[in-house]
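The residues making up each chain are set out below.
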Amino acid sequence: MQITFLGTSSGVPSRSRNVSAVAVRLPQRSDLWLLDCGEGTQHQFMRSDLRVSQLRRIFITHMHGDHVFGLPGLLASLGMAGNCPGVDLYGPAPLEAFVLGSLQHSSTRIGYPLRFHKVEAAASSGAPLLKDGDLTVRCAPLTHRIPAFGYRLQEEERPGRFDINQARALNLPPGPLFARLKAGETVSLADGRVIRGADLCGPVQAGVSMAYCTDTVFSEAAVQLAKGVDLLIHEATFSHRDAEMAYQRQHSTSTMAAQTAAEAGVHQLALTHLSPRYAPGNQENAEDLLREARAIFQNTLLAKDFLTLELSPGACNSV
């Protein structure tokens, strides 16, 4: 799983940061998923190495403009390419009316299917929002001025490495039999032997996981959603000194994001959705927010536009 930040500013873009969008690349299936789609996201795609033609799913946290204003333009451009098989969009109930209304009133025709999925029921019940092969997506309600939802992407466990040398030492014929044993099956052979696939495989390998939580003030639901993930992407709109403003506007400070990461026991925290008030040269800047977070949760990084992270179980590395 490869994570690329396409927008890390809150509210409005700054000279160095666009508004919210995070791309999730799934190389094993040549798919691209998108978390939020602020204004200018398609321009960010063009400045990156990502292929927007691979976009298959879009997950929207809430309906504030800095998270959705990029959708009509991006979807229109996909239609002009002429080879899109369809896009699934997940988000709050008003998402469908917003997208279809924008396309209708701009006389934009989409030549591929758009499939809308409301997230409220899954968020309230705890049931999976989506199961797609070896990936499961869950969501949870956050605490913001309007309904907002966090998302968790979880890869299923993978079978342990198959010991082909041990299989050959047992004089087992390669082919379909190896595939069954690698899948963990117990196989009875014509010579009377019973071979347990588990005996020929190493330990089960954990799948990678990530959580995306914005916009929200500190939320116990976010802690539960992010339990044990390899990467938590969490908003840090304000500094700790501006905590009163954060509560008023229902956003997180850097320390709230770090507290969420610590309580959830995540491997790494990435701070995003920073207010432009912390631009370089101001009284406080993004590095100050990073220091505040690291005082609580050391394994914290500061997201910036076009930063790409490669996730593997228990590890998160810059590409």
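These notes cover the structure that comes with them. As the structure is a prediction and not an experimental result, all values here were calculated from the model. (Residues numbered from 1 in each chain as written. Predicted model: local features only at pLDDT ≥ 70, side-chain atom pairs only at ≥ 80, totals over all residues. Heavy atoms only, no water.)

The next subject is the sheet that holds strand 9 (residues 149-155). Ordered in space as 7-8-9-12-13-14-15, the seven strands form an open sheet in which the pairing is mixed. Pairing within the sheet leaves two strands with one partner each, and these edge strands are strand 7 (130-132) and strand 15 (300-302). On average, adjacent strands in this sheet sit at an angle of 15° to one another, irrespective of strand direction. Across seven bridges, strand 8 (residues 135-141) lies against strand 9 in antiparallel orientation. Bridge pairing in strand 9 places Thr136 opposite Gln154. Packed onto the sheet, helix 10 (residues 254-264) meets strand 13 (231-235) and strand 14 (268-272) and runs at close to 155° relative to strand 13. Along the sheet face, helix 11 (residues 286-294) touches strand 14 and strand 15 and points at about 170° away from the line of strand 15. (Pairing = 2+ DSSP bridges. Helix = DSSP H or I, 4+ residues; strand = E, 2+ residues; numbered from the N terminus. Axes fitted to C-alpha atoms, helices over the stretch in contact; angles between N-to-C directions. Contact = heavy atoms within 4.5 Å.)

So, about the sheet that holds strand 4 (residues 55-59). Read from one edge to the other, the open sheet built from eight strands follows the order 6-5-4-3-2-1-16-17, with strand pairing classed as mixed. Edge strands, defined here as strands with exactly one partner in the open sheet, are strand 6 (114-118) and strand 17 (315-318). Within the sheet, the average angular offset between the axes of one strand and its neighbour, ignoring direction, is 20°. Pairing between strand 2 (residues 21-26) and strand 3 (residues 31-35): five bridges, direction antiparallel. In the strand pairing of strand 3, Leu26 is matched with Asp31. The strands touched by helix 3 (residues 71-81) are strand 3, strand 4, strand 5 (87-91) and strand 6; relative to strand 4, the strand with the most contacts, the crossing angle is about 165°.

Cis geometry marks the peptide bond from Thr214 to Asp215, where omega comes out at -5°. Even without being a glycine, Ser107 presents a positive backbone phi close to 55°. By secondary structure assignment, the location of Ser107 is in the loop between helix 4 (95-105) and strand 6. On the accessibility criterion, Ser107 (67% relative accessible area) is exposed. At Phe306, a residue that is not glycine, the phi angle is positive and equals roughly 75°. Assignment of secondary structure puts Phe306 in the loop between strand 15 and strand 16 (308-312). (Buried < 20%, exposed > 50% of the residue type's maximum accessible area, 1.4 Å probe, protein only.)

With that settled, the discussion passes to helix 4. Those residues of helix 4 that fall on the buried side of the exposure criterion are Leu95, Val99, Gly101 and Leu103. Taken together, the buried residues of helix 4 touch helix 3, strand 5 and strand 6. Positive phi shows up at Ser107, right after helix 4, with a value of about 55°.

With that settled, consider the nonpolar core. Core analysis: the largest hydrophobic core is formed by 33 residues, its most contacted members being Met1, Ile3 and Met210. Once residues within four sequence positions are removed from consideration, Met210 is found in contact with Met1, Ile3, Val24, Leu35, Tyr151, Arg152, Leu153, Val229, Leu231, Ile233 and Leu311. (Core = buried A, V, L, I, M, F, W, Y, C linked by side-chain atoms within 4.5 Å.)

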